[in-house]
Amino acid sequence: MLPALRRDIAETRRWKAALKSLNQLRALGVVRRCLQGRWTCLKGYEVMRAAFAHAVSIVGHPALLVPVAVGLKTGASELSATSTITVTGVSAVIALSALIYGLLQVRAGQWQHPDASMQKERLQLNVFLAFSLLSASIVLWSVRLPWQLALGLAIAGAIIVVALALRNLHKISLHSAFAVFSAFVLWPNIAGVSMLLLLATLIAWSRLVLRRHTGMEVFLGLLVGVLAGGCLAVATA
């Protein structure tokens, strides 16, 4: 009788242990499915965030943002139609030339991306932009267009020169710098300035998300943009 009872007790214990293990495995399976679901959601969020950051970075590219700001500024001013078209056209030509230059470099295998993320690429693009902006400033000054417009292009060229001068210390975020500078171009249009400053904030965020710049590089870009834009606003006041 006792041996049979002992066998039954041992069998019951084994079944309880097996059931406990089964329940533990089921619990682990549930946890695993939950983690997999959360990981999938997290990956989806990261993809969406990166896509949004890319879109913001493209919209806020200096080659697009600066001509738009200049066009809005000249369109709202008391300049003649000829002066407005000339200034906007010069800004657009410089921006388009920079984009075409970058695309040609990529096609020739010299660059990896038109955004010029590598140090050698940035150096070539910045030299091209600085020369174009400063040359355009001299041309506008020589043809007797309002001096404020020539000054704006000269300060924009100076932003590039500062980036070149500091390139061995920090990679200044020119996206951030020109975004803030473009906001000051619209001064004293408070609504326009506020909208572009908000866009500048998103642009700075996008450069961090895309890992194009560090926090310090973005900060320096914003600082350079504020200083350059402040000089323009004070000089044209």
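Residues numbered from 1 in each chain as written. Predicted model: local features only at pLDDT ≥ 70, side-chain atom pairs only at ≥ 80, totals over all residues. Heavy atoms only, no water.

Section: the overall build of the protein
When its secondary structure is counted, the protein shows eight helices and zero strands. Along the protein, from the amino end to the carboxyl end, the secondary structure elements read α-α-α-α-α-α-α-α. The buried share among the 237 residues of the protein stands at 35%. Contacts spanning at least 24 positions in sequence make up 68% of the contacts within the protein whose residues lie at least 6 apart. Accessible area of the protein: about 14,700 Å², with a carbon and sulfur share of 70%. (Helix = DSSP H or I, 4+ residues; strand = E, 2+ residues; numbered from the N terminus. Buried < 20%, exposed > 50% of the residue type's maximum accessible area, 1.4 Å probe, protein only. Contact = heavy atoms within 4.5 Å. Areas by Shrake-Rupley, 256 points an atom, 1.4 Å probe, with all protein chains shown as cover.)

Brief notes about unusual backbone geometry
The residue after Trp187, namely Pro188, is reached through a cis peptide bond having omega 10°. Of note, Pro188 is situated in the loop between α6 (174-185) and α7 (190-209). A positive phi angle is found at Arg211, which is not glycine, with a value near 60°. In this fold, Arg211 is placed in the loop between α7 and α8 (215-235). With a relative accessible area of 76%, Arg211 lands in the exposed category.

Comments concerning helix α4 (residues 119-142)
In an α-helix, one full turn covers 3.6 residues, which means residues spaced three or four apart are oriented alike. Given a rise of 1.5 Å per residue, 24 residues ought to cover 34 Å, and the 34 Å separating the end C-alpha atoms of α4 matches this to within 8%. Regarding α4, the residues found buried are Glu121, Arg122, Leu125, Asn126, Leu129, Ala130, Ser132, Leu133, Ala136, Ser137 and Leu140. Positive phi shows up at Arg144, right after α4, with a value of about 65°. (Expected span 1.5 Å × (residues − 1).)

Thoughts on helix α5 (residues 147-165)
Between its first and last C-alpha, α5 extends 26 Å over 19 residues, near the 27 Å set by a 1.5 Å rise per residue. Within the span of α5, buried status applies to Leu149, Ala150, Gly152, Leu153, Ile155, Ala156, Gly157, Ile159, Ile160, Ala163 and Leu164.

Concerning a nonpolar patch on the surface
Where nonpolar side chains cluster on the molecular surface, the patch consists of Ile58, Leu64, Leu96, Leu99, Ile100 and Leu104 and spans about 540 Å² of accessible area. When residues in the nonpolar patch are grouped by element, the largest group, four residues, is from helix α3 (residues 81-107). Within the secondary structure, Ile100 is located in helix α3. (Patch = residues over 30% accessible without salt bridge, like charges linked within 9 Å, V, L, I, M, F, W, Y side chains within 5 Å. Salt bridge = Lys/Arg side-chain N within 4 Å of Asp/Glu carboxyl O.)

Considerations on the nonpolar core
In terms of nonpolar packing, the biggest core is built from 43 residues, with Ile159, Ile160, Phe178, Phe181 and Leu196 touching the most fellow members. Of all the secondary structure elements, the ones that give two or more residues to this core are α2 (62-76), α3, α4, α5, α6, α7 and α8. (Core = buried A, V, L, I, M, F, W, Y, C linked by side-chain atoms within 4.5 Å.)

Describing the packing of aromatic side chains
According to the stated counting rule, one finds four aromatic pairs in the structure shown. Summarising the aromatic geometry, the rings of Phe52 and Trp205 are spaced 5.7 Å apart at their centres and angled 50° between planes, so their arrangement reads as tilted. Separated by 153 residues along the polypeptide, Phe52 in helix α1 (residues 2-59) and Trp205 in helix α7 bring together distant segments of the chain. What makes Phe52 partly exposed here is its relative accessible area of 44%. Under the relative-accessibility criterion, Trp205 is labelled partly exposed at 31%. Residues Tyr101 and Trp111 carry aromatic rings whose centres are separated by 5.6 Å and whose planes lie at 85° to one another, so their mutual orientation is edge-to-face. Here Tyr101, found in helix α3, pairs with Trp111, found in the loop between α3 and α4; they are ten residues apart in sequence, far enough to count as distant. Members of the aromatic cluster, joined through ring pairs, are Tyr101, Trp111 and Phe128. (Phe/Tyr/Trp six-rings, centres within 6.5 Å; stacked < 30°, edge-to-face > 60°.)

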